[in-house]
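Residue strings, one per chain:
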Amino acid sequence: MVDISESNNEAEPAADAVLVRNVCKSYGKSQPVLRNLSMQVEQGSLYGLLGSSGCGKSTLLSCIVGLKTWETGEISVLGRKIDENVTMGKHIGFMPQDLSLYELLSIKETMKYYGKLYGMTWEQIEERFQFLQNLLKLPGDGSSYIRKLSGGQKRRVSLALALLHNPKLLILDEPTVGLDPLLRKSIWNHLFKLTTVSKITVIITTHYIEEVRYSNKIGLMRNGRLLVEDDPICLMKLYQASLLEDVVLKICRKDQNHGLNELPSKTNNLEGVFVDNQPKFQATWKKNLKSCCNEMKGICGTNGKFCITCSDSKNDTTTTNPSLQNQPQPSNVTTATEKISPQEAPPVTNNNQPPKYKFLNSCQASIQRSIAHSKAEWINILRSPIYICILTLLPAFQLLTTGGVVGVEPKGTKIGVVNYEFLNWEAGCIKHREAIGSNDTCDLSMLSCGLIQHLYSSGYIAPIQVTSKEEALAAVKRGDIKGYIQIPVNYSSFSIERAVMKHFASNESIDGSRVTMHMDLSDYITMFVALADLLKSFERFIEEIGERCDFSLKIVEFPVQFREPVYGSLEGSAQTYVIPALIAGLLFEISFAVVPLILINALKQGTLVRANVAGLRFHEFLIGVLFTMTSLTIIQVIICYMSLEYGLNFRIQGSILVFTFLCLLTTLCGGTFGLLLGIIMKDVLCIVITAVFLIPMLMIYAGVLQPIEVIPHNLRFMSLLFPTAAIVEPFRSVMNRGLSLTHPTVWPGVLLTFGWVMVLTITCLLLRKKLKT
Ligand SMILES: Nc1ncnc2c1ncn2[C@@H]1O[C@H](COP(=O)(O)OP(=O)(O)OP(=O)(O)O)[C@@H](O)[C@H]1O
C-alpha cells in the first residue's frame, strides 16, 4: 500500500483534482450502482454533487477516496491514479455520510487521534482545534464525549476532522444535513474561502439543492450516471429557471422522458436502460458488466462528454466562474485566516531527501499512526467497564475458579463398608482401639478396623457403615454411595494365616483375607481416584502392621517405588498439569474474542474507514490493536501471577520474564487468529457463535485438559490446526519444570506459535481487500 502523502509525486501539478473515467461499480452480483460514470473536478473548484437518494453519490465518493474498489474505468486524484494500493492520506479531508466517530472519545481526543494520523504536531492540532471550534461552534472546551453530543454536534465534529489538516482536496458527504441555517451559511462561506483563497478543491454532496448554486460546478447524478456536469448559474440560464431545484427537476424529467430517444442505435439492445427495475436491462448487466459498460460509451451522461452543456466555450471555470462573481458577500465571515500558513500546514516530506531518510521518515510516520491508533483503542477500553472486566477481572476470576477446580481430585467420596468381621464397626472399632491402648502394641485381632481407619486418613474416601451387601447394593443404586467394600468374616485370622503360610496358604485363607470392591464405574474419575486411594490405604495399613509387629516390610512392599521426582513433587496433583495450559488457553481466548470485536466495531462505526482515508493503513491498524492487546497482557500477567501465588498457592518454577514472553506470544496468536475470523465473517453474531464452538475444541485439541496423546490417532492431526496446541507445552515446561527458552521442550513450541502469528498476519493482510467491498 502506497500513501502518496509520503511519496515524491505529491507535489506534481495536476490539471484536475479528481478525474473519473468510465467507472462501473456494483455490489456483488446486484445491479450496478455506478454506470460508466465520468466526472471532472478542476483544482481549486467547489463541486456540488447532487442526486436523489440511492443514486450512488456516496459510492462514487468512496471510490474516489480509495475505500471501495470498482470493476472498470479509472480514477485519478491530484494527478495520481487511485487503485487498491494507493491511499491519499493527508492530502484528502473526507467526511463520510455516517458519523464514523469513536463514541467513547472526547472531541479533543478525536481531533488529536486524527491529527496524529495526518502527521500533525500537537501544536498544529491545538491551533487548528481552536480555529475549528470557533468556526463550527463545537461544544464546550472539547472535553465532551462524542456519545454525549447531539446529532448536529457530532456532524460538526465530523466536519472538523475533515478540515483539521487543511487538505488539498475536501470530500464532504452531506456535511450540512441537520445543521441550523446560520451554521450552514458559515460552513459554506468557509468552503468558498478555501477554494478561492487557498485553492483547495471541495467536492460536496447535499440534499439542499440551492446550497450549491454558487459552486463552480455541479454534477447531477441519476441511477448511477452523471446526467450533467456544469456551472450551475449557466445551467439556470439555459433552463430559464430562477431556482437550481427547477433545473434539476427539468433535467431529471428530460432524462426520464427522452432518455430512450438519445440512445445510439448500437445500444438498442439495452432498451429501457434508464428505467429502473427493467428486467432485460438487469439481466444484461449481470451477464457482462464490462462489455455493457463499453456499450454504454456514447450514451448521454455516461461517456464524460455531457449531452447538456452550456459552458463548453469556457476553458477555466475556476477563475472566471460567474457564480463566484454573483456570490453574495457572507455576513458572518470568520476572521481567522484560512490560507494554509506554514504553521497550519501539516509537515510535508522533503522530496529531496535521500531514500534512506525517506524510508526512515515513512517508518516513523507509520509508527506514529500505529501508536495513535493504539492510544485510541486504549481510551476506548478504559472508558468501557465491560471491556475492563473482560480484559482484567475475567482472567483472574476464571483462573481462580477453574484452576481451583479443574485437575483437583474429588474428596469425600462415599464408599459403603460391609465388614462381616465386625458388622457394627463404627462404634465397635473405637471401643477396640480403646481396649488395646497404645498404638505401638502388636495387636493382630480386628485387622479390618485398622484397614478402615486408614481409609479415613487421606480424605478421598468417606467410609459409610453398611450391614449387608444387599443393603449396600441398594444404596449404590439409590446414589447414596459410590460403591462398597466387603470385608469377609474372620478377615484377621485368615490374613495372619496367609502371611505366615505364604505360598503354602490354603485357598480358604486366601479367599478369607481378600477384600472385594463393587463400584459405580460410570463415574470414572471419582472412582479412579477412590480406587487409587484404597490401594494406598492398604499399603499404609500393611506398613503400619509391619512397624508394630516388627515384620520385614520387604515382603509386603509394592515392587515399584517412586523416588525423588525429576520435575514436580510426589504430592503434586493434576492441577499443576492443568493450570499452565489454562493460562495459555485463557489469554488466547480473550484476544481471540476481543480483537475481531474491535475490528467489527470499527467497521460498523465507520471509524476504520475514516481512519483509513486519513492515512491509517491496515497493517498499522493491526499493529495498533495488537499493541493494545499485548500491553493489556502485561496487566493480565500481573493479575494471573497474583492469583496463582495467593489464590491457588501455585508457584511458577521458571523465569517470570520467559513466562511473560509466552503470555505475549499467546495473546498475539489469539489476536491474529481472531482478526482473521473477523475479516472473514464481518459479523458479531457469527463471531460469537464460532467462538462458542471453537473454544472448547481449542482447549481439547491443545491438550489443556488432558494430554494430546489421548486424542485418537486419526484425529490427532486436528491439534495441528489449532494454534494453541504448540504453546501449551512451553507453558508447562516453564511453569512446572522451570526450563528456559532454549530448552528443546520450549523453543520448538515458541517457534511454531511465532510461525502461526506470521502466517495469520500475512493472511489477514492479504485478505484485507475483502473489507473494501
Ligand atoms: N455496501 C453495500 N452493499 C450493497 N449495496 C450497497 C452498499 N452500499 C450502497 N449500496 C447500494 O448502492 C446504491 C447507492 O448507494 P449510495 O449510498 O451510494 O447512494 P447515495 O446516492 O449516497 O444515497 P443517499 O443520498 O441516500 O446517501 C443504493 O441502492 C444502495 O442500496
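Residues numbered from 1 in each chain as written. Predicted model: local features only at pLDDT ≥ 70, side-chain atom pairs only at ≥ 80, totals over all residues. Heavy atoms only, no water.

Identification of the chain as ABC transporter domain-containing protein from Orchesella dallaii is taken from an unreviewed UniProt entry. Per UniProt, the comment on the chain under Subcellular location (unreviewed entry) is "Membrane". (UniProt positions renumbered as here; feature names shortened; annotations may be inferred.)

Q: Which parts of the structure should I look at to understand the overall build of the chain?
A: Within the chain, the secondary structure is distributed over 27 helices and 16 strands. Taking all contacts inside the chain whose residues are at least 6 apart in sequence as the whole, residues at least 24 apart take part in 77%. (Helix = DSSP H or I, 4+ residues; strand = E, 2+ residues; numbered from the N terminus. Contact = heavy atoms within 4.5 Å.)

Q: Mind showing me how you'd approach the state of the cysteines here?
A: Cysteine pairs can be covalently joined through their sulfur atoms, and such a bond is termed a disulfide. Per the counting criterion, the structure on display carries one disulfide. Across a sulfur-sulfur distance of 1.9 Å, Cys 429 and Cys 449 are joined as a disulfide pair. Here Cys 429 and Cys 449 share a disulfide; its torsion about the S-S bond, -75°, makes the bridge left-handed. Of the two residues, Cys 429 sits in helix α14 (residues 425–436) while Cys 449 sits in helix α15 (residues 447–457), which places them 20 residues apart along the sequence. (Disulfide = S-S within 2.5 Å.)

Q: Just checking my understanding: could you explain the site of the ligand for this structure?
A: Around the ligand sit 13 residues in total, of which Ser 53, Gly 54, Ser 58, Thr 59 and Gln 97 are the nearest. Separating an oxygen atom of the ligand from a backbone N or O atom of Gly 56 is a distance of 3.0 Å. Here the ligand has 630 Å² of accessible area as a free molecule, and 60% of this is covered by the chains. (Near = heavy atom within 4 Å. Polar contact = N/O pair within 3.5 Å; in protein donor to acceptor, adjacent residues only side chain to side chain. Areas by Shrake-Rupley, 256 points an atom, 1.4 Å probe, with all protein chains shown as cover.)

Q: I keep staring at the side chain of Glu 589 and nothing clicks. Help me out?
A: Mapped onto the secondary structure, Glu 589 falls in helix α20 (residues 574–605). We note that Glu 589 is buried and unpaired, the nearest opposite charge coming from Arg 732 at a distance of 13 Å. For Glu 589, the residues in contact, after removing those within four places along its chain, are Gln 398, Ile 695 and Met 699. (Buried < 20%, exposed > 50% of the residue type's maximum accessible area, 1.4 Å probe, protein only. Lys, Arg positive; Asp, Glu negative; His and termini not counted. Salt bridge = Lys/Arg side-chain N within 4 Å of Asp/Glu carboxyl O.)

Q: Teacher, can you tell me more about the sheet that holds strand β2 (residues 16–25) here?
A: The pairing of strands in a sheet comes from backbone hydrogen bonds and takes either a parallel or an antiparallel form. One open sheet holds the four strands; their spatial order is β3-β2-β5-β6, and the pairing between them is antiparallel. The open sheet is flanked by β3 (34–42) and β6 (80–81), the only strands paired with a single partner. Relative to strand β5 (residues 72–77), β2 is paired through five bridges, and the arrangement is antiparallel. Across the sheet, Arg 21 pairs through a bridge with Glu 74, a residue of β5. Of the strands in this sheet, β2, β3 and β5 touch helix α1 (residues 57–64), which is tilted by about 65° from β3. (Pairing = 2+ DSSP bridges. Axes fitted to C-alpha atoms, helices over the stretch in contact; angles between N-to-C directions.)

Q: What is the right way to look at the packing of α20 against helix α26 (residues 724–737) in this model?
A: Contact pair α20 / α26: the axes reach a minimum separation of 9 Å and the direction vectors enclose 130°. As the angle between them shows, α20 and α26 are arranged oblique. Relative to α26, the crossing made by α20 is right-handed. Across from Thr 576, Tyr 577, Ile 579, Pro 580, Ala 581, Ile 583, Ala 584 and Phe 588 in α20, the residues of α26 making contact are Thr 724, Ile 727, Val 728, Phe 731, Arg 732, Met 735 and Asn 736. In terms of residue class, the contact of α20 with α26 is made up of eleven nonpolar, three polar and one charged. (Parallel < 35°, antiparallel > 145°, perpendicular 65-115°, else oblique. Left-handed = near helix turned anticlockwise from the far one by under 90°. Nonpolar A, V, L, I, M, F, W, Y, C, P; charged D, E, K, R; others polar.)

Q: Mind showing me how you'd approach α26 here?
A: Because an α-helix packs 3.6 residues into every turn, residues spaced three or four apart end up facing the same way. Taking 1.5 Å per residue, 14 residues should reach 20 Å; α26 reaches 20 Å between its end C-alpha atoms and fits that length. In terms of burial, α26 is largely enclosed, as eleven of its 14 residues are buried. Of all the residues in α26, the buried ones are Thr 724, Ala 725, Ala 726, Ile 727, Val 728, Pro 730, Phe 731, Arg 732, Ser 733, Val 734 and Met 735. Where α26 is buried, its residues contact α20, α22 (618–647), α23 (656–681), α24 (684–701), α25 (718–721) and α27 (747–767). Looking one or two residues beyond α26, the residue adopting positive phi is Gly 738, at roughly 70°. (Expected span 1.5 Å × (residues − 1).)

Q: Just checking my understanding: could you explain the environment of Gly 546 for this structure?
A: Within the secondary structure layout, Gly 546 lies in helix α19 (residues 524–549). When the C-alpha atoms of Gly 546 and Cys 442 are compared, they prove to be 9.1 Å apart, with 104 residues separating the residues in sequence.

Q: Any chance you could explain the UniProt feature "transmembrane region" (unreviewed entry) in the chain here in plain terms?
A: Here the UniProt feature "transmembrane region" (unreviewed entry) sits at residues 577–600, 621–644, 656–677, 684–704 and 746–767. Along residues 577–600, the helical share is 100% and the strand share 0%, with 36 Å between the first and last C-alpha atoms. The span residues 684–704 is 86% helix and 0% strand, and its two end C-alpha atoms sit 27 Å from each other.

Q: Explain the pairing of strand β13 (residues 413–419) here, please?
A: Put simply, side chains in a regular strand alternate between the two faces of the sheet. Of all seven residues in β13, six are buried; the element is thus mostly enclosed. By the bridge criterion, six bridges tie β13 to strand β14 (residues 461–466) in an arrangement that is parallel. Within the sheet, the bridge partner assigned to Thr 413 lies in β14 and is Ile 461. Strand direction decides the pairing type here: β13 and strand β15 (residues 483–487), joined by four bridges, are parallel. Each residue of the ladder has a partner; that of Val 417, found in β15, is Ile 485.

Q: What is the right way to look at the confidence of the model for the chain in this model?
A: Any region with low pLDDT has predicted coordinates that should not be read closely. Taken as a whole, the chain shows an average pLDDT of 79; of its residues, 81% reach a score of 70 or greater. This stretch, residues 260–309, has a pLDDT under 50; its non-local contacts, to residues over four places away or in other chains, come to 92 contacts. Predicted confidence is poor over residues 312–350, with pLDDT under 50, and the contacts of this stretch with residues over four places away or in other chains come to 75 contacts. (pLDDT = per-residue confidence, 0-100.)

Q: What should I look at first to understand the pairing of strand β4 (residues 46–51) in this one?
A: The buried count for β4 comes to six of six residues, which makes it a mostly enclosed element. Burial along β4 is two-sided: Leu 46, Gly 48 and Leu 50 facing one way and Tyr 47, Leu 49 and Gly 51 facing the other are all buried. Here four bridges tie β4 to strand β10 (residues 201–205), and the two strands are oriented parallel to one another. Residue Leu 49 lies in a different strand from β10, and its bridge partner there is Thr 205.

Q: Sorry if this is basic, but what is going on with the sheet that holds β14 here?
A: With mixed pairing, four strands are arranged side by side in an open sheet as β14-β13-β15-β16. Both edges of this open sheet fall to β14 and β16 (516–519), since each of them pairs with a single strand only. Taking the axes of each pair of neighbouring strands and ignoring which way they run, one obtains an average angle of 25° across the sheet. Across the sheet, helix α16 (residues 469–478) is in contact with β13, β14 and β15; its angle to β15 comes to roughly 165°.

Q: What's the story with the packing of aromatic side chains in this structure? I'm lost.
A: Two aromatic rings are characterised by how far apart their centres lie and by the angle between their planes. Evaluation of the coordinates by the stated rule reveals eleven aromatic pairs. When the ring of Tyr 114 is compared with that of Tyr 118, the centres are 6.5 Å apart and the planes differ by 40°; the resulting orientation is tilted. We classify Tyr 114 as buried; its relative accessible area is 1%. Following the ring pairs from residue to residue traces out a cluster consisting of Tyr 102, Tyr 113, Tyr 114 and Tyr 118. A cation sits over an aromatic face here: Lys 116 above Trp 122, 4.4 Å from the ring centre. When the ring centre of Tyr 460 is taken as origin, the NZ or CZ atom of Lys 411, which lies over that ring, is 5.1 Å away. (Phe/Tyr/Trp six-rings, centres within 6.5 Å; stacked < 30°, edge-to-face > 60°. Lys NZ or Arg CZ within 6 Å of the ring centre and 35° of its normal.)

Q: Explain unusual backbone geometry to me, please; I cannot follow it from the model alone.
A: Trans peptide bonds make up the majority, and among non-glycine residues the majority have a negative phi. Positive phi is not limited to glycine here, since Leu 78 has a value of about 50°. Inspection of the secondary structure assignment puts Leu 78 in the loop between β5 and β6. Phi is positive for Asn 223, which is not a glycine, with a value near 50°. With respect to the secondary-structure elements, Asn 223 resides in the loop between β11 (217–222) and β12 (225–230).

Q: Is there a simple way to explain a nonpolar patch on the surface in this structure?
A: A grouping of Ile 634, Ile 638, Tyr 641, Met 642, Tyr 646 and Ile 656 is seen on the molecular surface, where their side chains present a nonpolar patch of about 610 Å² in accessible area. Top contributing element to the nonpolar patch by residue count: α22, with five residues. The residue Ile 638 is located in helix α22 in this model. (Patch = residues over 30% accessible without salt bridge, like charges linked within 9 Å, V, L, I, M, F, W, Y side chains within 5 Å.)

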